[in-house]
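Now for the letters of each chain:
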Amino acid sequence: MTDRKSELAANLARVEERIASACEAAGRKREEVTLIVVTKTYPATDVRLLADLGVRHVAENRDQDAAPKAAACADLSLNWHFVGQLQTNKVRSVAGYAHVVQSVDRPKLVTALSAAAVDRGREIGCLVQIALDAESGERGTRGGAAPEQMAELADLVAAAPGLRIDGLMTVAPLAGRYAGREQAAFERMMELSSGLRAAHPAATMVSAGMSADLEQAVLAGATHVRVGTAVLGARPRLG
Ligand SMILES: *Cc1c(COP(=O)(O)O)cnc(C)c1O
């Protein structure tokens with residue numbers, strides 16, 4: 001193995017161990033939690049090594065970086081998740097490679113994604129991104145809809161050609177009543193998820209938890225964790 005491959009393998013093993021012990025502590029089966037490795041700012045060569053090491057889900061947050069990376073890795077059987085704030089002028093490109101867009105947070109984005117998915121003959125899974133610190137009717141500073149907007153957005157996605165409503169995504173808020181209370185934030189997400197599932201039974205995904213708080217997410221009941229730094233190392237620049 002190359003040095004980089006051994007480094008990634010060791011990091012993946014540590015993350016795997018963290019997920020497995022959190023599952024055990026929560027009385028959950030390991031298969032209930034899917035690891036998504038966030039490869040933003042890291043090169044396609046790393047994505048290839050990760051795929052070799054058994055990673056099946058990767059995530060990116062900027063189309064400018066993600067599009068060429070996904071193209072360079074088109075021969076690999078990977079699921080690409082888009083997790084960044086998405087401008088409508090990037091939607092056509094994202095619809096070319098994303099299997100799941102986790103950052104759906106406004107009606108205009110649903111309309112644009114639907115048109116792009118139909119145009120490309122693809123079906124795209126969508127998660128409604130919830131900003132637990134957004135006031136009703138607002139968007140969060142890091143993207144995301146206020147909890148009150150969830151039902152309307154989910155209904156729009158479910159009715160949109162080319163799109164599928166798969167669940168919810170969140171980033172633990174830095175401000176507001178959930179600041180510093182990751183587990184309470186993720187538990188609130190699980191409540192929102194059960195409301196969503198009442199209307200859309202197949203929308204079971206809850207994507208929550210990153211390198212610093214994946215345990216709290218698994219304990220609360222998240223189905224997907226998004227881990228960057230703990231697998232790839234500290235990012236060379238903000239992203
Ligand atoms: C970067 C990013 C992650 C991963 O964060 P780490 O702290 O590096 O694990 C997860 N989710 C989103 C939306 C991100 O932008």
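Not measured: the values here are computed from a predicted model. (Residues numbered from 1 in each chain as written. Predicted model: local features only at pLDDT ≥ 70, side-chain atom pairs only at ≥ 80, totals over all residues. Heavy atoms only, no water.)

In the vicinity of the ligand, the contacting residues are Val38, Lys40, Val83, Met210, Ser211, Arg226, Val227, Gly228, Thr229 and Arg235. Taking lysine 40, its side chain carries an N or O atom lying 2.6 Å from an oxygen atom of the ligand. Here arginine 226 contributes a side-chain N or O atom positioned 2.8 Å from a nitrogen atom of the ligand. Protein coverage of the free-state accessible area of the ligand, which is 390 Å², stands at 87%. (Near = heavy atom within 4 Å. Polar contact = N/O pair within 3.5 Å; in protein donor to acceptor, adjacent residues only side chain to side chain. Areas by Shrake-Rupley, 256 points an atom, 1.4 Å probe, with all protein chains shown as cover.)

With numbering matched to this structure, UniProt assigns "modified residue: N6-(pyridoxal phosphate)lysine" (unreviewed entry) to Lys40. On the accessibility criterion, lysine 40 (14% relative accessible area) is buried. (UniProt positions renumbered as here; feature names shortened; annotations may be inferred. Buried < 20%, exposed > 50% of the residue type's maximum accessible area, 1.4 Å probe, protein only.)

With that settled, the discussion passes to the pattern of salt bridges. Summed over the entire model, instances satisfying the criterion amount to 13 salt bridges. One salt bridge connects arginine 48 with aspartate 75, and the closest N-O pair in it is separated by 2.8 Å. Here arginine 48 is found in helix α2 (residues 44–52), whereas its partner aspartate 75 is found in the loop between α3 (63–72) and β3 (79–82), with 27 residues between them in sequence. With its nearest N and O atoms 2.9 Å apart, the salt bridge here joins aspartate 166 to arginine 164. In this structure aspartate 166 comes out as buried when scored by relative accessible area, which is 10%. (Salt bridge = Lys/Arg side-chain N within 4 Å of Asp/Glu carboxyl O. Helix = DSSP H or I, 4+ residues; strand = E, 2+ residues; numbered from the N terminus.)

All right, on to the nonpolar core then. Nonpolar side chains in soluble globular proteins generally cluster together in the buried interior. With 69 residues, the main nonpolar core has Val101, Leu113, Leu163, Val225 and Val231 as its most contacted residues. Setting aside residues up to four positions removed in sequence, leucine 163 forms contacts with Val110, Leu113, Ser114, Ala117, Ile124, Cys126 and Val157. With nine residues, the next largest nonpolar core counts Val38, Val100, Leu127 and Met205 among its residues. (Core = buried A, V, L, I, M, F, W, Y, C linked by side-chain atoms within 4.5 Å. Contact = heavy atoms within 4.5 Å.)

Where burial is concerned, the two faces of strand β8 (residues 224–227) agree: the one with His224 and Arg226 and the one with Val225 and Val227 are both buried. In this sheet, β8 lies alongside strand β1 (residues 34–38) in parallel orientation, the contact comprising four bridges. Each bridged residue has a counterpart across the sheet, and for leucine 35 the counterpart in β8 is valine 225. (Pairing = 2+ DSSP bridges.)

Mapped onto the elements of the fold, lysine 5 is located in helix α1 (residues 3–26). Not counting residues up to four positions away in its chain, the partners in contact with lysine 5 are Leu49, Asp52 and Leu53.

Here we take up the packing of α1 against α2. At a minimum axis separation of 10 Å, α1 and α2 run at an interaxial angle of 55°. Put simply, α1 runs oblique to α2. Read as a crossing pair, α1 and α2 show a hand that is right-handed. Between α1, through Arg4, Lys5, Leu8 and Leu12, and α2, the contact on the second element is made entirely by Asp46, Leu49, Leu50 and Asp52. Across the contact of α1 with α2, the residue classes break down as four nonpolar, no polar and four charged. (Axes fitted to C-alpha atoms, helices over the stretch in contact; angles between N-to-C directions. Parallel < 35°, antiparallel > 145°, perpendicular 65-115°, else oblique. Left-handed = near helix turned anticlockwise from the far one by under 90°. Nonpolar A, V, L, I, M, F, W, Y, C, P; charged D, E, K, R; others polar.)

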